[in-house]
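Structural features, examined
The primary structure of each chain is shown beneath.
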Amino acid sequence: MTGTVYLVGSGPGDPELLTVRAARLIDEADVVLHDKLPGPEIIEDIPEGKREDVGKRAGGERTPQSEINQRLVDLAEEGNDVVRLKGGDPFVFGRGGEEMEYLADHGVPVEVVPGITSAVGAAGVGGIPVTHRDYASSVSFVTGHEDPTKAESAVDWQALADTGGTIVVLMGVGKLPDYTRALREAGMDPETPVALVERGTWPEMRVATGTLDTVVDARDERGIEPPAITVIGDVAAVRDRVVEFLRGRGSGRNGGDGRSGGDDA
Ligand code: SAH
């Protein structure tokens, strides 16, 4: 009998932020297919015998999506119940939609298990509310992966600048100089607060803050690396006003460089 594939969001990385259903399905699954994004704490908790890393191939390049899709179908057709574990929420820049369609096209039963997206959760633990009655009544999630100077860029930075709402950029560490410039050129105030949150909710979580003008320097000074989100808008400055009273992994209490050492010692 064909097994079921569960498209499961792991949340931003802290195992305590897995949903109850995600934890149970991981426990009961025959196989768990994952990449690196759920984070070492969650991945290393899964018995080695049933987890399969489909993030990178031996040569270091990314496993083609078509290969992952087919692996899911093959495993299910062999009768396995499969958890396809994805960082954050499976449908926020996670290719979960493509996988769900492929599975349905091939007659494989599929269940979607939402997770806390890093776009909201990584910001939140860092003391950044993505909306706020005083500062932002809308929020946009965008990919920073594209070249903003490309004429046919799928992200309309001008329109985003015009909304006045919060902008959360995923996959946007490398191209930070490009889209912060694009937003300034679109008329956004160069003093607009910006925060980078790296590995939100992981023990190694780090935060760098600045403005549209200064955040690239802040990134370089802190050595911020992926995975990180970029939060652009007045809400990004809220952290500075509450950080002294923030507890938990977003607090940055261990060391003044914004590096948080996990649970407060
Ligand atoms: N489905 C995921 C996003 C996948 S795209 C989600 O809902 O969170 C990969 C991007 O997610 C990374 O480049 C980074 O921008 C972001 N990301 C994922 N986990 C993160 C974390 N713990 N802290 C900060 N950013 C994270």
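Structural data are supplied above this passage.
The sections below set out a description of the structure shown in this document. Per-chain numbering applies: the sequence of each chain, read as written, is numbered from 1 onward. Restriction of local features to residues with pLDDT of at least 70 applies here, the model being predicted, together with a cutoff of 80 or more for giving and counting side-chain atom pairs; totals for whole chains, interfaces and linings are based on all residues. With hydrogens and water excluded, all non-hydrogen atoms of the structure serve as input to the side-chain values.

1. Quick notes on the environment of E16
Helix and strand labels come from DSSP, where a helix needs a run of H or I of at least four residues and a strand needs a run of E of at least two; each type is numbered from the N terminus. Counting through the fold element by element, E16 comes out in the loop between β1 (5–9) and α1 (20–28). Spatially, the C-alpha atom of E16 lies 9.8 Å from that of T201, the residues being 185 residues apart in sequence.

2. Structural notes on the pattern of salt bridges
Think of a salt bridge as a Lys or Arg side-chain nitrogen and an Asp or Glu carboxyl oxygen that are within 4 Å of each other. If you walk through the whole model with that rule in mind, you get 14 salt bridges. Residue D53 pairs with K36 through a salt bridge whose shortest N-O separation is 2.5 Å. Residue D53 is found in strand β3 (residues 51–53), and its partner K36 is found in the loop between β2 (31–34) and α2 (40–43); the two are separated by 17 residues along the sequence. Relative accessible area decides the class of each residue, using a 1.4 Å probe on protein chains only: under 20% of the type maximum gives buried, over 50% gives exposed, and in between gives partly exposed. Given the relative accessible area of 33%, D53 is considered partly exposed. The exposure class of K36 is exposed, given its relative accessible area of 55%. The salt bridge partner of E99 is R84, with a shortest N-O separation of 3.1 Å. A residue pair is termed long-range when its members are at least 10 positions apart, and E99 in helix α4 (residues 96–105) and R84 in strand β4 (residues 82–86) qualify at 15 residues. Relative accessible area serves as the criterion here: at 1%, E99 is assigned to the buried category. Three or more residues are tied together by salt bridges with common partners; here these are D14, E41 and R249.

Geometric values such as these leave the question of function open.
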